[in-house]
Amino acid sequence: MEAREIVFDFLEGYDLLGAFWVTVKLTVYSALGSLIWGTLLAGMRVGPVPLMRGFGTAYVNVIRNIPLTVIIVFASLGLFQTLQVQLGGGGDFEVINFRLAVLGLSLYTAAFVCEALRSGINTVPAGQAEAARALGLSFTQVLRLIILPQAFRAVVNPLANVLIALTKNTTVAAAIGVVEAAYLMKDMIEAEAQLILISAVFAFGFICLTLPTGLLLGWVSKKVAVKR
Amino acid sequence: MSGVSVTKAAEDAAPAGADLVVLSNVNKHFGALHVLQDIDLTIASGEVVVVIGPSGSGKSTLCRTINRLETIDSGAISIDGKPLPQEGKELARLRADVGMVFQSFNLFAHKTVLENVMLGQIKVRRTDKKLAEEKARALLDRVGVGVQADKYPAQLSGGQQQRVAIARALAMDPKVMLFDEPTSALDPEMINEVLEVMQQLAREGMTMVVVTHEMGFARSAANRVVFMADGKIVEEATPDQFFSNPRSDRAKDFLSKILHH
Ligand SMILES: Nc1ncnc2c1ncn2[C@@H]1O[C@H](COP(=O)(O)OP(=O)(O)OP(=O)(O)O)[C@@H](O)[C@H]1O
Ligand SMILES: [Mg+2]
């Protein structure tokens, strides 16, 4: 009891759990956002409309080559401070910055989701789509009912990697003042003389988030795999 | 038998003998390769046409142009009097009327056998789920795989999968069925179970275009044999005429090869 208090007393007065909770929220919202947008992008990239294919390709190649920090800072400085985009935040900086961070993370991560999914789509034999078309299903029905369900099952593991990367990437939101784990860590390192311990605590916190994600999705991946 | 009708209800079926599928002067290229050359072919309602010919002669391509899985460069194709429309809603509707059975079965791998046979009914025909299931089960019984309804395709033998694929196509009440080498991917002992289902369909008056090298099937079920070589229809005859007395040298040559193996 004693030893624990002495070693960890630097934690006192900091809302460690609160900060990690923000990290979790950033991750979950951005994961959902990027999953939806990434799926739409993948649909565009394999679709029959040249304009959409071109857009999908250009989007992925531009976005995944821009540093995330630039995207997040642009969201804050460009969208919010210059264009007054508040995303319904009603003037509340904390809310606005959180939402902008989710937007930036989603737009960025969607490029990776799209590419993972596209590789999954490539694992689905052409005969599957042909049989579906021959039944009279429309392009979107073929994609939604036949191709994507099989593609998703094939890429659970790559998507898990994207999710783990996203979890760690949420730390970039600190750059625009979102009080998540990395923001708090910087605060604490500046205030306390415990660099190594503080870093270890935060590293451990992230591992607690990402390790179960990887294990769970690894199990899901085996469970849902399509047998051919 | 289950009493499920597989041919279109009498009122909207073309009268037996009327032209159902008409290809006129159809041409298609794959790059420089002229795979279909001036194809004229008319298939009457209720007719069973077997297409045979050497590998690469364009049989699959011909079959696939009929429901526009392959586009054509020139000429015209019409089904039940309607020309094939451009890609879109109307084409999808027309494809629903043309059943297709593939060499590699192509059952939806992530869906059960039953779901495979229900999907088109529900999503294309907008049939009520319960009715779709009843019909799917009846069709699966008909092709002899009723007990496999809740399995996934990969758990079935090739012969069983192909019979499910036939049931899936029949569930749409097609006006015509296209078969592209339906037994070529099967182990010999499974070929007959599939051919028997096809024989029965033929007897019930289904209009069928069948690419196959199964001479027994051609002799017993076909009204007409179409022989293709190098993208052209070289010869058309009744099975008897064709097998016992082929006119063209290409056909004689081809038959001597497949009959003596
Ligand atoms: N998608 C394609 N792109 C380019 N060439 C193709 C394509 N599909 C078929 N071909 C070529 O067109 C020709 C006819 O092919 P098709 O599959 O129609 O022949 P087939 O008579 O069905 O032969 P098989 O008995 O081997 O199935 C072949 O030379 C083939 O290589
Ligand atoms: Mg072929």
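Residues numbered from 1 in each chain as written. Chains lettered and ligands numbered in written order. Predicted model: local features only at pLDDT ≥ 70, side-chain atom pairs only at ≥ 80, totals over all residues. Heavy atoms only, no water.

Break down the UniProt feature "transmembrane region" (unreviewed entry) in chain A for me, citing the residues and quoting the values.
Residue and element names in this part refer to chain A. The positions that UniProt labels "transmembrane region" (unreviewed entry) are, in the present scheme, residues 20–42, 62–83, 95–114, 162–183 and 195–220. In this annotation, residues 20–42 is assigned 100% helix and 0% strand; the end-to-end C-alpha distance for the span is 31 Å. Span residues 95–114 is 100% helix and 0% strand, its end C-alpha atoms 28 Å apart. (UniProt positions renumbered as here; feature names shortened; annotations may be inferred. Helix = DSSP H or I, 4+ residues; strand = E, 2+ residues; numbered from the N terminus.)

I'd love a proper account of the site of ligand 1, names of residues and values included.
Residue and element names in this part refer to chain B. All residues in the neighbourhood of ligand 1 are listed as F30, L33, V35, P54, S55, G56, S57, G58, K59, S60, T61 and E181. The contact in question runs from an oxygen atom of ligand 1 to an N or O atom on the backbone of G56, over 2.8 Å. Between an oxygen atom of ligand 1 and a side-chain N or O atom of S60, the distance comes to 2.7 Å. Among the secondary structure elements, those contributing two or more residues to the shell around ligand 1 are strand 2 (33–44) and helix 1 (59–66). With three residues, the top contributor of residues to the shell around ligand 1 is helix 1. For the shell around ligand 1, the residue count by class is four nonpolar, six polar and two charged. (Near = heavy atom within 4 Å. Polar contact = N/O pair within 3.5 Å; in protein donor to acceptor, adjacent residues only side chain to side chain. Nonpolar A, V, L, I, M, F, W, Y, C, P; charged D, E, K, R; others polar.)

Residue-level account of the interface of chain A and chain B, with values.
Listed by partner, the interface residues are 19 residues for chain A and 25 residues for chain B. Taken together, both faces of the contact between chain A and chain B bury some 1800 Å²; the carbon and sulfur share is 62%. Here chain A is connected to chain B by one salt bridge. Among the salt bridges present, the one from A:E130 reaches B:R64, with a minimum N-O distance of 2.6 Å. There are seven residue pairs in polar contact (both at pLDDT 80 or more) connecting chain A and chain B. For the side of chain A that touches chain B, the elements supplying multiple residues, two or more each, are helix 6 (126–135) and helix 7 (139–154) of chain A. Tallied by class, the residues present in the side of chain A that touches chain B amount to nine nonpolar, five polar and five charged. (Contact = heavy atoms within 4.5 Å. Buried area = accessible area lost by both parts, 1.4 Å probe. Salt bridge = Lys/Arg side-chain N within 4 Å of Asp/Glu carboxyl O.)

I'd like to hear about the packing of aromatic side chains, residue by residue, with values.
Any pair of aromatic rings gets described here by the distance separating the centres and the angle formed by the planes. Going through the model one piece at a time under the given rule, you end up with ten aromatic pairs over all chains. Measuring from centroid to centroid gives 6.1 Å for A:Y29 and A:F98, while their planes differ by 85°, and the two rings are edge-to-face. Within this pair, whereas A:Y29 is found in helix 2 (residues 16–46), its partner A:F98 is found in helix 5 (residues 93–123), the two being separated by 69 residues in sequence. Aromatic pair B:F227 and B:F254: ring centres 5.4 Å apart, planes at 45°, arrangement tilted. Within this pair, whereas B:F227 is found in strand 9 (residues 224–229), its partner B:F254 is found in helix 9 (residues 249–259), the two being separated by 27 residues in sequence. Across this residue pair, the class does not change: B:F227 and B:F254 are buried. For the cation-ring pair, A:K25 lies above A:F98, with the distance from its terminal atom to the ring centre recorded as 5.9 Å. Just above the ring of B:F108 sits the side chain of B:R168; from NZ or CZ to the centre is 4.5 Å. (Phe/Tyr/Trp six-rings, centres within 6.5 Å; stacked < 30°, edge-to-face > 60°. Buried < 20%, exposed > 50% of the residue type's maximum accessible area, 1.4 Å probe, protein only. Lys NZ or Arg CZ within 6 Å of the ring centre and 35° of its normal.)

Please set out the pattern of salt bridges residue by residue, giving values where relevant.
Pairing is possible between side chains that carry opposite charge, provided their charged atoms lie close to one another. Residues and elements named next belong to chain B. Taken as a whole and judged by the stated rule, the model has 18 salt bridges over all chains. One salt bridge connects R137 with E133, and the closest N-O pair in it is separated by 3.0 Å. With R137 and E133 both in helix 4 (residues 129–142), this residue pair falls four residues apart, about one helical turn. The salt bridge partner of R142 is E204, with a shortest N-O separation of 3.2 Å. Separated by 62 residues along the polypeptide, R142 in helix 4 and E204 in the loop between helix 6 (188–203) and strand 8 (207–211) bring together distant segments of the chain. Exposure remark for R142: the relative accessible area of 9% places this residue in the buried category. Residue E204 is classed as partly exposed on the basis of its relative accessible area, which comes to 33%.

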